[in-house]
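Fold and geometry: a report
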Amino acid sequence: MTTLGAVFRPQLPPERLRAVARLADDVGLEELWLWEDCFLEGGISAAAAALAWTERVRVGVGVLPVPLRNVAVTAMEAATLHRLFPGRAVLGVGHGVQDWMGQVGARAESPLTLLREHLVALRALLRGERVTTDGRYVALDDVTLDWPPPADADIPVFAGGTGPRTLRLTGEAADGTILTAATAPDGVRRARGLIDQGRAAAGRTEPHRVVVYLLTATGPDGAARLRAELAAEGLESVPELGVAGDAGAVAKAVQRLAEAGADSVILQPTGDEPDPEAFVRFTAEEVRPLVP
């Protein structure tokens, strides 16, 4: 079954999160995803609050920019969430937007090397291992977590990716991949192929979950809002990108992404979505029953 979720966009003020998260829990939404976009809202703090306000919904963060964090801090925060809220936190890491990384003095000369080193160390720390490494960007000296996740817990680490080299890396060094809303079904197929190349090179055979955002607009002005956002992102000419319409139209768009290789489709409202709570309810109550 395809997992279905929705995004709480950080263009909304943080104080709106409580109502949206509680509604997501009440209406049976499977996953609520948060972003850590500069300079809006912190991913870990928002995720911790959303998890504390709810009982059932899984909360994803896609993604935490690795140039902003020492990997030990990432591991400590991730382990804390997994112990406090078993099975409900889903965390992804990524390069971050390079212009934003430059603004804060954290832009890496080789983002790919940094992401690789971060992923390898992060996954090892979350497995409870003692890690010593001296890489180009990640240096740890006999570091282990005092409170790692339980040994029998399944703690996947996701990575965001767009370019071919990064997608191969996610297959090699991450447990799942997060694709942006700029990814149409053909793009998902290409991404799956590149991810599988990385998995094969690393000899990995376990399942690798692919999460894709789907830009979605509903209501009488939905088509216009979708067109405007795609145009603002320079994506208006990409076929099968985004969807506007009723639950049936959205479910068909979700299914196209699933058939292309997506395991989870997360509906991303437009930046000017007038009613985030209604969007969550629409996802859970109207679209979910139509998605196999």
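That block above? That's the structure.
For the structure given in this document, a descriptive report is provided here. (Residues numbered from 1 in each chain as written. Predicted model: local features only at pLDDT ≥ 70, side-chain atom pairs only at ≥ 80, totals over all residues. Heavy atoms only, no water.)

**Some points on a nonpolar patch on the surface**
Convention followed: Two joining distances apply to patches: 9 Å for like charges and 5 Å for nonpolar side chains (Val, Leu, Ile, Met, Phe, Trp, Tyr), and every residue must have over 30% relative accessible area and no salt bridge. Only the protein chains shown count as covering a residue, and every accessible area follows the Shrake-Rupley method with a 1.4 Å probe. Throughout this description, the term salt bridge denotes a Lys or Arg side-chain nitrogen within 4 Å of a carboxyl oxygen of Asp or Glu. Numbering of helices and strands runs from the N terminus, with a helix taken as a DSSP run of H or I at least four residues long and a strand as a DSSP run of E at least two residues long. Burial classes follow relative accessibility: with a 1.4 Å probe on protein chains only, a residue under 20% of its type's maximum area counts as buried, one over 50% as exposed, and anything between as partly exposed.
Together, Phe39, Leu68 and Val104 make up a nonpolar patch on the protein surface, roughly 270 Å² of accessible area in all. Position of Phe39 among the secondary structure elements: in the loop between β2 (31–34) and α2 (43–53). Phe39 gets classed as exposed once you look at its relative accessible area, which sits at 53%.

**A word on α2**
Note the threshold: Our arc is simply the arc of the directions from the helix axis toward the C-beta atoms.
Those residues of α2 not exposed but buried are Gly43, Ile44, Ala46, Ala47, Ala50 and Leu51. Looking down the long axis of α2, one finds its buried residues gathered within 160° of arc, a one-sided arrangement. Across from the buried face of α2, at angles greater than 90 degrees, the exposed residues are Ser45 and Ala52.

**Some words on the environment of Ala200**
Counting through the fold element by element, Ala200 comes out in helix α7 (residues 185–202). Between the alpha carbons of Ala200 and Ser45 there is a distance of 36 Å; along the sequence they are 155 residues apart.

**Quick look at the packing of α7 against helix α9 (residues 247–260)**
To keep it simple, the criterion reads: Here an axis means a line fitted to C-alpha atoms, over the contact stretch when the element is a helix, while the angle between two N-to-C directions is reported on a 0 to 180 degree scale. Roughly parallel means an angle under 35 degrees; roughly antiparallel, over 145; roughly perpendicular, 65 to 115; everything else is oblique. In this scheme the handedness of a crossing depends on how the near helix is turned from the far one: anticlockwise by less than a right angle means left-handed, clockwise means right-handed. Contacts are assigned to residue pairs that have any heavy atoms within 4.5 Å of one another. In this count, Pro and Cys sit with the nonpolar residues alongside Ala, Val, Leu, Ile, Met, Phe, Trp and Tyr, while Asp, Glu, Lys and Arg are called charged and the others, Gly among them, polar.
The geometry of α7 relative to α9 is characterised by a closest axis approach of 8 Å and an angle of 20° between their N-to-C directions. Overall, the two elements α7 and α9 adopt an arrangement that is roughly parallel. The way α7 lies across α9 gives a crossing that is right-handed. Judged by residue contacts, Pro185, Val188, Arg189 and Arg192 of α7 engage Arg256, Leu257 and Ala260 from α9. By residue class, the composition of the contact of α7 with α9 is four nonpolar, no polar and three charged.

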